[in-house]
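# Close look at the chain arrangement
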Amino acid sequence: MATPRSHLPWYACGVALILLVGVVIYLRSELPGKSATTENPPPTRKPPSSADTREPAPRRPPSPALQKLSSLPDPIVSPNPPGSTANQEWIENRIDELDDLAWFDDPESLGKILTELRNPLPEIRAAALGATRDFGSRDAIPYLEALSRDSTDQLEQKALQELIEHLKLPTLLEESGVDQTE
């Protein structure tokens, strides 16, 4: 359907009118006192002052099972020859076990995960690193620091340091000041 030439000025006026109304609305919303942002400014979080009386929520004391990090057992080593399909299946099963251990909140599970950070297989070490992150316990920090100091692999040191920094971050409950005492 073609538009007759006689209607083009009317269309141009309509478009110009719509643009003019849009500009007027925009300018009116920017005037002081008329803006929604000045009527209800967004809440801002003030930085903590020295007079802030809130104390951080208490952390659980380090687990007695992890007091002696050197007493952790040796990592579990595959009974299968390297490169075999049985060995690959064992690695996949061990990775799944470590992932499952990450969801328990007990020192024994964390100890098993930390033990595997010394496993000779890089796949198992990587899975143990991820499981330690998922477990989220600051009890692991001294052990991770010791591993980082002893490691000769720069990539592994970097991954350990990143995990240490991640575990040192305050939790959401600590940030909000909620009491976590049980």
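### Quick look at the overall build of the protein
Tallying secondary structure elements over the protein gives 8 helices and 0 strands in all. Ordered by position from the N terminus, the helices and strands of the protein form the series α-α-α-α-α-α-α-α. By the burial criterion, 24% of the 182 residues in the protein qualify as buried. A separation of at least 24 residues holds for 64% of the contacts in the protein among residues at least 6 apart in sequence. When the accessible surface of the protein is summed, it comes to about 13,500 Å², and 60% of that surface belongs to carbon and sulfur atoms.

### Notes on the packing of helix H4 (residues 107-115) against helix H5 (residues 122-135)
The contact between H4 and H5 brings their axes to 8 Å, and the two run at 150°. When the axes of H4 and H5 are compared, the pair comes out roughly antiparallel. In the packing of H4 onto H5, the handedness of the crossing is left-handed. Between H4, through Ser 109, Leu 110, Ile 113 and Leu 114, and H5, the contact on the second element is made entirely by Ala 128, Ala 131, Thr 132 and Phe 135. Residues of the contact of H4 with H5, tallied by class, amount to 6 nonpolar, 2 polar and no charged.

### Considering helix H7 (residues 154-168)
An ideal rise of 1.5 Å per residue puts 21 Å on 15 residues; H7 measures up with 21 Å between its terminal C-alpha atoms. Residues Leu 160, Leu 163, Ile 164 and Leu 167 constitute the buried set of H7. Viewed along the axis of H7, the buried residues span an arc of 105°, placing them on a single side of the element. Pointing more than 90 degrees away from the buried face of H7 are the exposed residues Gln 154, Leu 155 and Lys 158. Residues of H7 that are buried sit in contact with H5 and helix H6 (141-150). Measuring from the backbone nitrogen of Leu 155 back to the side-chain oxygen at the start of H7 gives 3.2 Å, which picks out Asp 153 as the cap.

### Section: the confidence of the model for the protein
On average, residues of the protein score 78 in pLDDT, and 73% of them are at 70 or above. In the model of the protein, helix H2 (residues 36-39) stands out as the element of lowest mean pLDDT, 47, in contrast to helix H3 (residues 85-101), which has the highest, 95. Here residues 34-38 is modelled with pLDDT under 50, and outside its nearest four sequence neighbours on either side it reaches 5 contacts, counting other chains as well. Low pLDDT, under 50, characterises residues 62-66; the predicted model gives this stretch 11 contacts beyond four residues in sequence or across chains.

### A few points about the pattern of salt bridges
Per the stated rule, a full pass over the model turns up 5 salt bridges. A salt bridge links Glu 145 to Lys 168; the shortest N-O distance between them is 3.8 Å. Residue Glu 145 is found in helix H6, and its partner Lys 168 is found in helix H7; the two are separated by 23 residues along the sequence. Its relative accessible area of 29% is what places Glu 145 among the partly exposed residues. Members of the salt-bridge network, linked through shared partners, are Arg 94, Glu 97 and Glu 116.

### Some remarks on the environment of Gln 161
On the secondary structure map, Gln 161 appears in helix H7. On the basis of relative accessible area, Gln 161 is assigned to the partly exposed category, the value being 36%. For the pair Gln 161 and Leu 144, spaced 17 residues apart in sequence, the C-alpha to C-alpha distance is 7.9 Å.

### Regarding the environment of Gly 130
With respect to the element layout, Gly 130 can be found in helix H5. Take Gly 130: its relative accessible area is 30%, and that puts it in the partly exposed class. For Gly 130 and Ala 102, which are 28 residues apart along the polypeptide, the C-alpha to C-alpha distance reads 8.6 Å.

### A look at a nonpolar patch on the surface
There is a patch of nonpolar side chains on the surface, built from Leu 17, Leu 20, Val 21, Val 24 and Ile 25 and spanning about 460 Å² of accessible area. When you line up the elements, Leu 20 lands in helix H1 (residues 8-30).

The rules behind each value
- Residues numbered from 1 in each chain as written.
- Predicted model: local features only at pLDDT ≥ 70, side-chain atom pairs only at ≥ 80, totals over all residues.
- Heavy atoms only, no water.
- Helix = DSSP H or I, 4+ residues; strand = E, 2+ residues; numbered from the N terminus.
- Buried < 20%, exposed > 50% of the residue type's maximum accessible area, 1.4 Å probe, protein only.
- Contact = heavy atoms within 4.5 Å.
- Areas by Shrake-Rupley, 256 points an atom, 1.4 Å probe, with all protein chains shown as cover.
- Axes fitted to C-alpha atoms, helices over the stretch in contact; angles between N-to-C directions.
- Parallel < 35°, antiparallel > 145°, perpendicular 65-115°, else oblique.
- Left-handed = near helix turned anticlockwise from the far one by under 90°.
- Nonpolar A, V, L, I, M, F, W, Y, C, P; charged D, E, K, R; others polar.
- Expected span 1.5 Å × (residues − 1).
- Arc of directions from axis to C-beta.
- Polar contact = N/O pair within 3.5 Å; in protein donor to acceptor, adjacent residues only side chain to side chain.
- pLDDT = per-residue confidence, 0-100.
- Salt bridge = Lys/Arg side-chain N within 4 Å of Asp/Glu carboxyl O.
- Patch = residues over 30% accessible without salt bridge, like charges linked within 9 Å, V, L, I, M, F, W, Y side chains within 5 Å.

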